[in-house]
Amino acid sequence: CLHPPKSKRLSKDEVRPSNDSQRLKDRAKSLESFRKSLPIVSHLKEIRNALLEKDVIILVGETGSGKSTQVPQALVNEPWCKPQSVTISRDASPQTVRVGGCIAITEPRRVAATTLARRVAEEMGTPLGRYSPKSTVGYSVRFDQSTSPNTRIKYVTEGVLLQEMLGDPWLKAYSAILVDEVHERGVNVDLLLGFLKNIAAGKNEGRGGIPLKVVVMSATAEMEILRAFFEGYGREEGDGVHESRDVQRNGTDGLDNQDETESEWSGLSSSDEEDAVVVHGNGTANRVATCYIEGRQYPVTASYTPQPVQNIVEASLRIIFQIHRQQPMPGDVLVFFHGRQIIESLESLVKEYARDMGPELPKLLVLPLFAALSQAAQDQVFQPAPPNTRKIIIATNIAETSLTVPGVRFVIDSGKAKIKQFRTSIGMESLLAQPISQSSAIQRQGRAGREAPGQCYRLYTEADYHSMQTSNTPEILRCDLSHPILTMKAKGIDDIVNFPYVDSPPRIALEKAMLQLWLLGALTETGGISSIGLQIAKLPVTVCLGRTLIAAAESELNCVSEVIDIVSCLSVEDLFLNLTSEGKKTEAEAARREFYNREGDHLTLLTAIQAYAAENTDRKAWAKRHFISHRAMKAAIEVRKQLRAQCQQSGMLKPTHTQEPSALTPELTTSILKCFMKGFASKTARLCPDGSYKTMVGNQIVAIHPSSGLFGKKVEAILFNEFVFTSKSYAKGVSAVQLVWIDEVFQSAAPSASMKVLV
Ligand code: ADP
């Protein structure tokens, strides 16, 4: 940073970089002593030394010990982390390529990836990502990337890295992959571990033999399962790759967080021209080092309710005010709930009661924390409370291990989390609030003892605690496998049964997913990936939405632009605010009436997003007036922008397509719905004589969700975006379709005998 000669005055823009760099340096300096105090610090040398010798290290350490922030910084200047030029023979012609130079840290959630990147940029005194070409720290999450040409440390979601692997199957851009939060065992992390093992087993051939270092980081003791998995590393197929299945799972592997977990699909620059990585090669075992980082945890006392709690919102409200009246400051409260809606109802109640508090009590600052929250709102959670104020953070299990919220001394644990479950009979997933595992309960309790002794109020009985599962079931054993299988197929893995899984998924789930993909036209009759499948794999949306987009590009009445609009709305949280009070509900219905379409929710979303996009005075006020979530709309507009760019790049969307609001003619409406039919044929139901709807696959009774514009209506058949199960089975995001359209899709893809040999 150069100081200007006194005689020359610089413009404001010229001055800013030097001021900024000084400010960044000062900030980094101020964080130094905190960093030095983290438990991981005394292990960093050991980790560096281990990686000089071995290619894999498994780190187990308490949440907050410094794994995610400190390990990348400790490794980035290692000799093996420099980019190298290597010559690789491809199609008999040698090519010189650059391998390595960058570290990727994978996170299950976008919020963790972006927050950690910001924090590490601060600690290193560098601007973040796109804000400066000099920045060395960045992130890449679905629909949002902040990197520079100089990025050396990149926080990514697991899905984004999987997507990157479509174009770079040997991960040549990277010297190391740090797989964080492995204890969560989401399906993407399991796939990633398998692919990483395949790269090593392939002897890093596509990397010119340069090893890819792998650091597996977990907050709970799954060390033996992971070590066994990686020690099979590089052996002959059928010899070592599966032995981890025999290892007894020993109880404390963490949590399920699937409501918050992103299924991330970036793929903006993927290419499939590279060879697939498949397992082969000779024995190269004993490449695995392990390191245990002892935590720094103060004692936390746990209390249970004597009787099961009927209303967790009321119970939490009572405990919050009891703490606030009786417990000394400082000491923030962290409440674990299972979803945004219930979080928001407690948030408004606490605010309401806080208004009536006497002036003798400190103030309360109520902060929700869930994945879909804006960055600014999330940042508030990490800021210290203002003077004489106690923070009440109401979070999903995102705060369990993923993010460390400072200042917490009291935890209220509802004992519930939303957990994804695949229902094999109907081939659909549902997200259900379910009891957490003991391992999750222990993690939640631990959040209260990070800085001082704490207290944990469990809103369940001690007997309930003992009846909980000890650990959570990995997602791969209970989710719809269509997307994971498509990812494998797109990477040239044909034998999906013998993929190196940490835990092998049930065969029935593999079969269902194969059939579903085949029905969508994503697989050929022999189980290989079709050109449609490859196109879907590159799109940053779910398999069903991807198929819908492709159908739109193929449709005669080219309706890609409209379908992109609807897909964008379906790729973010609910646009329409869910109102609980009756009066507000009626008011909201009146305000939104102009968007309602009698064909259903898909076209209603189209009208809403187009009206919002056309609003050019005050979009925030517009959203408020229509009881629409401004945050969700902004996110949908961002998704729309990126999907349009990607579809234009791939030729699916012609540059002549405008973003002008569509005149919804009956032909256009039919055309749009028929495209959704191609993607969602397995999520359809027909009206039965008794007035109920039964799904076409699995004959399950479903009711139209009260949030749908078609609620209470009878139409011959429906197509729906989502299957939800609360007190009963509901179809959410519903449109009216014709039975003949459903028949057309099923007839054109009647399951053939040959599909049986696929799995
Ligand atoms: P781990 O990965 O072991 O859970 P981290 O490296 O994420 O630990 O965090 C180390 C410490 O850094 C935490 O205790 C937390 O206090 C602090 N920290 C991490 N991220 C942030 C942030 N965005 N803002 C403030 N402090 C943070």
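On a predicted model such as this, the values are computed, not experimentally measured, just so you know.

What follows deals with the overall build of the protein. Counting its regular elements, the protein contains 23 helices and 23 strands. Within the protein, the proportion of its 759 residues that are buried is 49%. Long-range contacts, defined as pairs at least 24 residues apart, comprise 75% of the intrachain contacts of the protein with a sequence gap of at least 6.

Time to look at the site of the ligand. Among the 15 residues in the neighbourhood of the ligand, the closest are listed as Gly64, Lys67, Ser68, Thr69 and Arg119. Contributions of two or more residues to the shell around the ligand are made by α3 (67-75) and α4 (110-124). At four residues, α3 tops the list of elements feeding residues into the shell around the ligand. Residue composition of the shell around the ligand, by class: three nonpolar, 10 polar and two charged.

Let's shift gears to helix α17 (residues 560-570). For α17, a buried count of 11 out of 11 residues is recorded, marking the element as mostly surrounded by other parts of the structure. Along α17, the residues classified as buried are Val560, Ser561, Glu562, Val563, Ile564, Asp565, Ile566, Val567, Ser568, Cys569 and Leu570. The inward-facing, buried residues of α17 contact α16 (543-554), α19 (601-614), α21 (630-649), α22 (666-680), β22 (717-725) and β23 (729-737).

What follows concerns the packing of α17 against α19. In contact at an axis separation of 9 Å, α17 and α19 are set at 95° when each is read in the N-to-C sense. Between α17 and α19, the interaxial angle falls into the category roughly perpendicular. In this structure, α17 contributes Glu562, Asp565, Ile566, Ser568 and Cys569 to the contact, and α19 contributes His602, Leu605, Leu606, Ile609 and Gln610. When its residues are assigned to classes, the contact of α17 with α19 shows five nonpolar, three polar and two charged.

Let us now look at the sheet that holds strand β21 (residues 701-704). Each strand in a sheet pairs with another by means of backbone hydrogen bonds, the pair being arranged parallel or else antiparallel. If you walk around this closed barrel you meet the five strands as β19-β20-β21-β23-β22, and the pairing is mixed. Taking the axes of each pair of neighbouring strands and ignoring which way they run, one obtains an average angle of 50° across the sheet. Where β22 and β23 come together, eight bridges link them in antiparallel fashion. Residue pairing for β23: Phe720 is matched across the bridge by Val734.

This paragraph deals with the nonpolar core. Counting 189 residues, the largest nonpolar core has Val335, Leu549 and Ile718 as its most contacted members. Among the elements that make up this core, the one with the highest residue count is helix α6 (residues 187-201) (10 residues).

This brings us to helix α5 (residues 158-167). Burial analysis of α5 places nine of its 10 residues in the buried class, the great majority of the element. Considered for burial, the residues of α5 that qualify are Glu158, Gly159, Val160, Leu161, Leu162, Gln163, Glu164, Met165 and Leu166. Those residues of α5 that are buried lie in contact with β4 (102-107), β5 (137-141), β7 (153-157), α6, α13 (482-490) and α15 (531-538).

In this section: unusual backbone geometry. Glycine aside, the phi torsion of most residues is negative, and most peptide linkages are trans. Each neighbour pair has its own omega, and for Met329 with Pro330 the value is -5°, a cis peptide bond. Tracing the backbone shows Pro330 in the loop between α8 (312-326) and β12 (332-336). The backbone of Arg185 sits at a positive phi, close to 50°, despite the residue not being glycine. Inspection of the secondary structure puts Arg185 in the loop between β8 (174-179) and α6. Here the phi dihedral of Asn388 falls at roughly 55°; this positive angle occurs in a residue that is not glycine. Looking at where Asn388 falls in the secondary structure, it is placed in the loop between α10 (375-382) and β14 (389-395). The class for Asn388 is exposed, based on 10 C-beta atoms found within 10 Å.

Right, let's get into the pairing of β7. Of all five residues in β7, five are buried, a share of seventy percent or more. Side chains Ile153, Tyr155 and Thr157 of β7 all project onto a buried face; the interleaved residues Lys154 and Val156 project onto the opposite face, where all are buried too. Alignment of β4 against β7, held across five bridges, turns out to be parallel. Looking across to β7, one finds that Glu107 is bridged to Thr157. Note that β5 and β7 share four bridges and pair parallel. Across the sheet, Ser140 pairs through a bridge with Val156, a residue of β7.

An order of β11-β18-β15-β12-β14-β13 is seen for the six strands of this open sheet, with the pairing classed as parallel. In this open sheet, the two edge strands, each paired with only one partner strand, are β11 (300-303) and β13 (363-369). Strand-to-strand twist across the sheet, computed as the mean angle between neighbouring axes with direction ignored, equals 15°. In terms of strand pairing, β13 meets β14 through seven bridges, oriented parallel.

This part covers the confidence of the model for the protein. Here the protein shows a mean pLDDT of 84. Residues at 70 or above account for 86%. Across residues 234-285, where pLDDT falls below 50, the model places 162 contacts with residues more than four positions away in sequence or in other chains. Taken as a whole, residues 753-759 scores under 50 in pLDDT and shows 12 contacts with residues more than four places along the chain or in a different chain. Our summary of model confidence lists the complex with pTM equal to 0.80 and ipTM equal to 0.98.

Moving on: the packing of α8 against helix α9 (residues 340-355). The N-to-C vectors of α8 and α9 enclose an angle of 40°; their axes lie 10 Å apart at closest approach. Classified by the angle between their axes, α8 and α9 sit oblique to one another. In this structure, α8 meets α9 at a crossing whose hand is right-handed. Residues Val313, Ser316, Leu317, Ile320 and Phe321 of α8 lie in contact with α9, whose contacting residues are Ile342, Ser345, Leu346, Leu349, Val350 and Tyr353. Taken together, the residues of the contact of α8 with α9 break down into nine nonpolar, two polar and no charged.

Here Thr604 is to be found in helix α19. The exposure class of Thr604 is buried, given the 24 C-beta atoms found within 10 Å. For the pair Thr604 and Gln642, spaced 38 residues apart in sequence, the C-alpha to C-alpha distance is 22 Å. Look past the residues within four positions of Thr604 in its chain and what remains in contact with it is Phe595, Tyr596, Asn597 and Gly709.

Basis of the calculations
- Residues numbered from 1 in each chain as written.
- Predicted model: local features only at pLDDT ≥ 70, side-chain atom pairs only at ≥ 80, totals over all residues.
- Helix = DSSP H or I, 4+ residues; strand = E, 2+ residues; numbered from the N terminus.
- Buried ≥ 20, exposed ≤ 12 C-beta atoms within 10 Å, placed from the backbone.
- Contact = placed C-beta atoms within 7 Å.
- Near = placed C-beta within 6 Å.
- Nonpolar A, V, L, I, M, F, W, Y, C, P; charged D, E, K, R; others polar.
- Axes fitted to C-alpha atoms, helices over the stretch in contact; angles between N-to-C directions.
- Parallel < 35°, antiparallel > 145°, perpendicular 65-115°, else oblique.
- Pairing = 2+ DSSP bridges.
- Core = buried A, V, L, I, M, F, W, Y, C linked by C-beta atoms within 7 Å.
- pLDDT = per-residue confidence, 0-100.
- Left-handed = near helix turned anticlockwise from the far one by under 90°.

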